[in-house]
Amino acid sequence: ILLQVLQNGLLSLAEIKNWNIDPLLDAYNYCLKKNIDYNYWFKGKLFQARNRKFYGGIYCEHDIDCFTAYIVLTDKNKEEIARKQIIKIEQYGIPEFIMAGWDIENNTFSLHGRTYGPEQEHTWQFSLDEIKAR
């Protein structure tokens, strides 16, 4: 939907400015062909636990009307073993994630960041004990 909205706006502008629309159509079709989406790992990676048995990471998904983030835990082969939604912001707004990592003493993977609103500072955690209890 967002891609279509952008394309319509750009084509209208191109008509007003008498621009060549071929590059706009090429870019639009390329995005459709590649099924472009805006999903990524925080800092572009998974974080390895000190015991080297697990990895943890923050997976972010952007859509036209919301932002969702998950804490994801994997085994040493990076096969997902658990996922927990930690935030979902509808409409506009993206949190600022500051740091993520393992707390060895508590056997948890944590993320610290800020959102916009009354409670701005947050720490989200996912314990390996939560996984074992499932």
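Here goes a summary of the coordinates provided.

Definitions and cut-offs
- Residues numbered from 1 in each chain as written.
- Predicted model: local features only at pLDDT ≥ 70, side-chain atom pairs only at ≥ 80, totals over all residues.
- Heavy atoms only, no water.
- Phe/Tyr/Trp six-rings, centres within 6.5 Å; stacked < 30°, edge-to-face > 60°.
- Helix = DSSP H or I, 4+ residues; strand = E, 2+ residues; numbered from the N terminus.
- Buried < 20%, exposed > 50% of the residue type's maximum accessible area, 1.4 Å probe, protein only.
- Lys NZ or Arg CZ within 6 Å of the ring centre and 35° of its normal.
- Core = buried A, V, L, I, M, F, W, Y, C linked by side-chain atoms within 4.5 Å.
- Contact = heavy atoms within 4.5 Å.
- Pairing = 2+ DSSP bridges.

Observations concerning the packing of aromatic side chains
One pass over the full model with this rule turns up 6 aromatic pairs. Aromatic pair phenylalanine 97 and tryptophan 124: ring centres 6.0 Å apart, planes at 85 degrees, arrangement edge-to-face. With phenylalanine 97 in strand β6 (residues 96-103) and tryptophan 124 in strand β8 (residues 121-127), this pair connects stretches of sequence that are 27 residues apart. Accessibility assignment for this pair places phenylalanine 97 and tryptophan 124 in one class, buried. The interplanar angle of 70 degrees and the centroid separation of 5.4 Å between the aromatic rings of tryptophan 102 and phenylalanine 109 together place this pair among those described as edge-to-face. Take tryptophan 102 and phenylalanine 109: they sit in the same class, and that class is buried. One aromatic cluster in this structure is built from Phe42, Phe67, Phe97 and Trp124. It is lysine 78 that lies over the ring of tyrosine 55; its NZ or CZ is 4.9 Å from the centre.

A word on the nonpolar core
One finds Ile58 and Phe97 to be the most contacted residues of the largest nonpolar core, which totals 22 residues. For this core, the secondary structure elements donating two or more residues are β3 (54-62), β4 (66-75), β5 (80-90), β6, β7 (108-114) and β8. Aside from chain neighbours lying at most four places away, what touches isoleucine 58 is Tyr40, Trp41, Phe42, Ala69, Tyr70, Ile71, Phe97, Ala100, Phe109 and Leu111.

Digging into the environment of glycine 44
Position of glycine 44 among the secondary structure elements: in the loop between β1 (38-41) and β2 (47-48). On a C-alpha basis, the gap between glycine 44 and tyrosine 59 in space is 9.2 Å, while along the polypeptide they are 15 residues apart.

Some points on the pairing of β6
Both faces of the sheet carry side chains from a regular strand, because those side chains alternate between them. Direction of pairing for β6 relative to β7: antiparallel, over a ladder of 7 bridges. Looking at the pairing, tryptophan 102 lines up with phenylalanine 109 of β7.

Quick look at the side chain of threonine 74
Relative to the helices and strands, threonine 74 is located in strand β4. The class for threonine 74 is buried, based on a relative accessible area of 3%.

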